[in-house]
Amino acid sequence: MTGDLTQAVVDAQYKNSFARVAGYLPDNRQAVTAWLTGFADQARERKEELSPAVAALKQEIEADANIQMLVRGMLDQLPRQFRPFQGLDHLLKCVDQVITTAPEYHPNLNERILFPLSALFAPLSLTRPGAALLRLPAFNTALQNVLTAWCVFLDSPQSRYVLTETGNGWLSAQASEQNKLDEYVIPDRGAEHWGFASFNDYFHRKIKPQARPVATDPNAVVAPGDATLVRIDRNIGRTTGLPLKGQGYALADILNHHAYTDQFTGGSAIQLAVPATGYHRWHAPVDGVVRHVETVPGQVFSVAETAGLDPTAQQFSLTAAAAANTRGLIFIESTAPRIGMVCLVPIGMSEVSSITITVNEGQEVKKGDELGYFSYGGSSHALIFRPETKLTLTGEASDDQRLLVNSSIGQFRVQ
């Protein structure tokens, strides 16, 4: 089994991973390996007892024979050169180290590890037992509780120690320039931590309206956030879903089998990846009335299931995430009858990615009105349209097309 995990396979898997494609981990996998080695050495020296959430994860593993078997298989099948930790206890110490600290800014993009748990779990998911373990509901729930505990820490004032103007602080001159903080609303530059209440408060900071003006074309649909275009799918089937490599993810699953699903059968979808250190609030793509909102729990760190080892699995998991990961559903009925219903799907792709929806059913919204935000973690959006609602894209669509929130994605027309 371990013979399948060659250097070439691991490199290909990493190249196609969402974390690397979205810029959450550096292009160079060797930089991740070097960081993990140092991080694991540091975590090994931890003397503190495991935090409650990680202790509960350990208890879940020890109480379930099936989970124990998968964990042993995962650790046994992963070649030593691809894992810096020694056994389960050491792995849990690494996880605990992550969720009791806040991410530091790093000026070198080639060495930046924004999402350490993604770096930790990505190699483990390459093994068949590891991939199966990450899809197991009981383990996934325990792992989600760990991420929730990290989100609680990042929501707390204790996480503000990385919000400084010195060293690897997110408010340093280089970080401010790199992350264009002049475009954002700063609570109080003269106050400690610039007035941010927590790391997450900084992470989902608001943008200045003049920095992201709303497109004035009345026929335009606008981008829900700052993002990179990932893919466009058309003629989505209710049960066959978005076309993926070897399998489909059903529209009904993506929309959680809501009654509105039939309206979107045969329609189209645009998928967008949100930059790691960019703007993490989302806005209305059309004028209309919010008809339904909900948050659908999902998997974390999971990849699409394949018949055998497939180093591109995480690449087509970009699309699978719309059906498998924690996501929001915001159905907006446009005031223009020819547009009809549109669904915005904010997706938590990795790490915490807590989804907070700030609009209610029955609320009228205008293009550019805020609908919600992500807390720390990897994020993506999907916009799903009815088959009658055709969208002519603005400019040349490509996998590298960058969009700014409230800018025009394209114009609606009827065929």
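Notes on the structure follow.

The geometry of two aromatic rings is summed up by the distance between their centres and the angle between their planes. For the structure on display, the rule yields 15 aromatic pairs. Ring geometry for Phe-199 against Tyr-202: centres 6.1 Å apart, planes inclined by 45°, an arrangement best described as tilted. Highlighted residues: Phe-199 and Tyr-202, both in helix α11 (residues 199-203), separated by three residues, approximately one helical turn. Judged by its relative accessible area of 1%, Phe-199 falls in the buried class. Ring centres of Phe-203 and Tyr-376 lie 5.1 Å apart, and the angle between their planes is 75°; on these two criteria the pair is classed as edge-to-face. One end of the pair, Phe-203, is in helix α11; the other, Tyr-376, is in the loop between β12 (370-374) and β13 (378-385), and 173 residues separate them in sequence.

Look at helix α3 (residues 29-44) against helix α7 (residues 116-124): their axes get within 11 Å of each other, and the N-to-C directions meet at 105°. Of the possible angle classes, the one that applies to α3 and α7 is roughly perpendicular. Residues Val-32, Trp-35 and Leu-36 of α3 form the contact with α7, whose participating residues are Pro-116, Ala-119 and Leu-120. Classifying every residue of the contact of α3 with α7 by side-chain character gives six nonpolar, no polar and no charged.

Definitions and limits used
Residues numbered from 1 in each chain as written. Predicted model: local features only at pLDDT ≥ 70, side-chain atom pairs only at ≥ 80, totals over all residues. Heavy atoms only, no water. Phe/Tyr/Trp six-rings, centres within 6.5 Å; stacked < 30°, edge-to-face > 60°. Helix = DSSP H or I, 4+ residues; strand = E, 2+ residues; numbered from the N terminus. Buried < 20%, exposed > 50% of the residue type's maximum accessible area, 1.4 Å probe, protein only. Axes fitted to C-alpha atoms, helices over the stretch in contact; angles between N-to-C directions. Parallel < 35°, antiparallel > 145°, perpendicular 65-115°, else oblique. Contact = heavy atoms within 4.5 Å. Nonpolar A, V, L, I, M, F, W, Y, C, P; charged D, E, K, R; others polar.

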